[in-house]
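Chain and residue survey
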Amino acid sequence: MNFHRVKQLHGELTIPGDKSISHRSVMFGSIAKGITEIQGFLPGADCISTINCFRKMGVTIEQNNCSVIVHGNGLHGLVKPDSILDCGNSGTTTRLISGILSAQNFSVTLTGDSSIQKRPMARIIDPLRMMGADITSVNNNQCAPLHINGAHLHGIHYDSRVASAQVKSAILLAGLYADGPTSVTEPYVSRNHTELMLKGFGAEISCNDTTATIHPATELYSQHITVPGDISSAAFFLAAGLLVPNSELLIRNVGINPTRDGMIRVCREMGGHITLFNQTNAGGEPAADILVSSSNLKGITIEGSLIPTLIDELPIIALMACFAQGTTIIKDAAELKVKESNRIAVMVKNLTAMGADVKETEDGMIIHGGKPLHGAIIDTKSDHRIAMTFAIAGILADGETTLQNPECVTISYPEFYNDLKRCIQ
Ligand code: S3P
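To keep things clear, this report deals only with the structure shown in the data block. (Residues numbered from 1 in each chain as written. Predicted model: local features only at pLDDT ≥ 70, side-chain atom pairs only at ≥ 80, totals over all residues. Heavy atoms only, no water.)

In terms of strand pairing, strand 4 (residues 60-64) meets strand 5 (residues 67-73) through 5 bridges, oriented antiparallel. Paired with Gln-63 across the two strands is Val-68, which belongs to strand 5. Where strand 4 folds back onto strand 5 in an antiparallel hairpin, the turn is made up of 2 residues, including Asn-65, whose phi is positive at roughly 55 degrees. (Pairing = 2+ DSSP bridges. Helix = DSSP H or I, 4+ residues; strand = E, 2+ residues; numbered from the N terminus.)

Below is the structure:
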């Protein structure tokens with residue numbers, strides 16, 4: 001797929017549903033009692049993997065594009081699947097479901113695509129084992145496939161080395177089934193969708209600073225869930241609206257949960273014109289419309305507690321930094337190396353191929369902005385966020401930019417290229 005520089009972007013967009021919230025709505029609906037109705041669901045490949053896993057465990061789930069109805073089986077109503085669970089490309093599916101499966105009265109094997117089979121699972125295997133889980137890496141390499149024999153679980157306190165909502169959520173979900181309270185402390189607060197939504201489903205869960213605590217549950221109760229648009233998807237249009245000259249985009253219904261809103265903070269700190277209005281709140285998840293217009297950006301340092309609030313946006317932020325005046329430093333972001341691809345290495349390689357001045361560091365990147373970008377052949381590594389980042393790079397650069405394996409955007413944003421085309425004037 002080829003891209004060329006565009007003159008300007010204009011228009012209005014409604015961003016597809018939040019991926020993290022969509023996964024959780026299906027998972028929690030499946031282990032709740034009653035019918036959970038979900039609106040604004042993201043029908044991307046990752047969330048479909050979650051639906052298929054729970055269907056295999058006996059849950060009836062009706063999905064019609066962005067509307068989903070989950071006929072929950074109750075906390076103890078899942079049944080043994082008759083084959084391996086396929087989590088596809090989804091780390092969220094693999095890790096969160098492992099917390100639930102550790103406490104069932106059956107055994108199961110789960111795996112995913114070649115990317116999932118390279119992603120670190122020790123981060124969930126270790127704490128779940130501390131709780132009494134019988135979970136092993138089938139190939140003994142701390143990666144999927146994972147084999148889990150359901151077991152009796154104990155409550156623990158866990159000090160996590162990484163700020164990871166997937167790790168935190170796996171432990172909290174196992175904690176629903178444990179024989180005492182379970183708490184997780186993280187170095188920085190990661191996204192809190194699990195805590196907010198589980199509370200809505202009736203779980204006893206509390207948060208204090210960087211610690212979340214859950215009490216064992218006897219039952220969860222079905223909910224109506226409205227999923228806001230995914231700020232991680234909106235980020236590509238926020239960046240494009242700032243970077244393409246003479247542009248103005250209205251991006252509707254974007255989730256702005258404070259544990260996810262680092263992109264907005266960074267855009268503003270870099271000097272971007274961004275206005276939020278029409279703020280709403282459903283299930284504790286705030287959302288707003290965002291108006292963005294072309295801006296002159298300056299380089300900044302992005303580090304520390306800000307990192308988990310924009311972890312998935314760092315590829316597109318790195319692109320923004322190439323167009324900013326001065327130097328942008330991204331640090332404390334070693335987690336980027338263990339995403340769908342090694343996003344530090346892939347960003348540095350592809351941005352360098354386009355002429356950017358970017359250097360890889362231990363835990364991030366240093367980007368000297370202001371060098372003009374030119375087209376190149378981009379290996380997306382089939383990583384959806386890399387593909388979308390370089391589609392935006394392609395509409396900003398001189399000459400032709402070619403994306404290899406562009407179709408991977410179906411993971412989180414199936415209509416991305418059509419939405420982008422609609423904004424190009
Ligand atoms: C997610 C958490 C983050 C994020 C991922 C979705 C979630 O991963 O990068 O896209 O839904 O909990 P980590 O928990 O590994 O940081």
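Turning our eyes to something else, we now look at the nonpolar core. Core analysis: the biggest nonpolar cluster contains 79 residues, and Phe-237, Ile-251, Ile-302, Leu-314 and Phe-416 have the highest contact counts within it. Element by element, the count of residues in this core is highest for helix 7 (residues 231-243), at 10 residues. Each residue touching Ile-251, except ones within four places of it in the same chain, is listed here: Leu-13, Ile-15, Ala-234, Phe-237, Leu-238, Ala-288, Asp-289, Ile-290 and Val-292. With 66 residues, the next largest nonpolar core counts Met-27, Ala-133, Ala-170 and Ala-178 among its residues. (Core = buried A, V, L, I, M, F, W, Y, C linked by side-chain atoms within 4.5 Å. Buried < 20%, exposed > 50% of the residue type's maximum accessible area, 1.4 Å probe, protein only. Contact = heavy atoms within 4.5 Å.)

The next subject is the side chain of Gln-166. By the element assignment, Gln-166 lies in helix 5 (residues 165-175). What makes Gln-166 buried here is its relative accessible area of 15%. One polar contact links Gln-166 to Thr-92, side chain to side chain, over a distance of 2.9 Å. (Polar contact = N/O pair within 3.5 Å; in protein donor to acceptor, adjacent residues only side chain to side chain.)

Our focus in this paragraph is unusual backbone geometry. Following Ala-144, the chain continues into Pro-145 via a peptide bond in cis, with omega recorded as 5 degrees. Residue position: Pro-145 is located in the loop between strand 8 (134-137) and strand 9 (146-149). A positive phi angle, close to 55 degrees, is found at Lys-381, a residue other than glycine. Tracing the sequence through the fold places Lys-381 in the loop between strand 22 (377-379) and helix 11 (384-396). Look at Asn-405: it is not a glycine, yet its phi comes out positive at around 50 degrees. By the element assignment, Asn-405 lies in the loop between strand 23 (401-404) and helix 12 (416-423).

Our focus in this paragraph is the layout of surface pockets. Taken as a whole, the largest pocket spans an internal volume of roughly 570 Å³. Lining of the largest pocket is provided by 38 residues; of these, Ala-163, Ser-164, Ile-311, Glu-335 and Lys-339 occupy positions nearest its centre. Elements represented by at least two residues in the lining of the largest pocket include exactly helix 1 (19-30), helix 3 (91-101) and helix 5. Looking at side-chain class alone, the lining of the largest pocket contains 11 nonpolar, 10 polar and 17 charged residues. Summarising the domain contributions, the lining of the largest pocket has at least three residues from each of domain 1 (2-16 + 228-423) and domain 2 (19-226). (1 Å grid on protein atoms, 1.4 Å probe; cavity = no way out; pocket = protein on both sides within 12 Å on 5 of 7 lines; lining within 4 Å. Points joined across faces, edges and corners; volume = space filled by probe spheres on them. Nonpolar A, V, L, I, M, F, W, Y, C, P; charged D, E, K, R; others polar. Domains from an automatic or database assignment.)

In total, this model carries 0 disulfides according to the counting rule given. Cysteine Cys-423 is unpaired, with the sulfur of Cys-267 as its nearest cysteine sulfur at 16 Å. (Disulfide = S-S within 2.5 Å.)

Neighbouring the ligand are the residues Lys-19, Ser-20, Arg-24, Thr-92, Arg-95, Ser-164, Ala-165, Gln-166, Arg-191, Ile-311, Asp-312 and Lys-339. Between the ligand and Thr-92 there is a distance of 3.3 Å, counted from an oxygen atom to a side-chain nitrogen or oxygen. Lys-339 places a polar side-chain atom, nitrogen or oxygen, 2.7 Å from an oxygen atom of the ligand. For the ligand, the accessible surface in isolation is 390 Å², of which the surrounding protein chains cover 95%. Assessed atom by atom at 2 Å from the grid points, the ligand resides in the largest pocket. (Near = heavy atom within 4 Å. Areas by Shrake-Rupley, 256 points an atom, 1.4 Å probe, with all protein chains shown as cover. Sits in = over half its atoms within 2 Å of the grid points.)

Turning our eyes to something else, we now look at the packing of helix 9 (residues 314-322) against helix 10 (residues 343-353). Relative orientation of the contacting elements helix 9 and helix 10 amounts to 30 degrees, with a least axis distance of 10 Å. Relative to helix 10, the crossing made by helix 9 is right-handed. Residues Pro-315, Ala-318, Leu-319 and Cys-322 of helix 9 form the contact with helix 10, whose participating residues are Arg-343, Met-347 and Leu-351. For the contact of helix 9 with helix 10, the class distribution of residues is 6 nonpolar, no polar and 1 charged. (Axes fitted to C-alpha atoms, helices over the stretch in contact; angles between N-to-C directions. Left-handed = near helix turned anticlockwise from the far one by under 90°.)

Without other data, these values stay purely geometric and don't point to any function.
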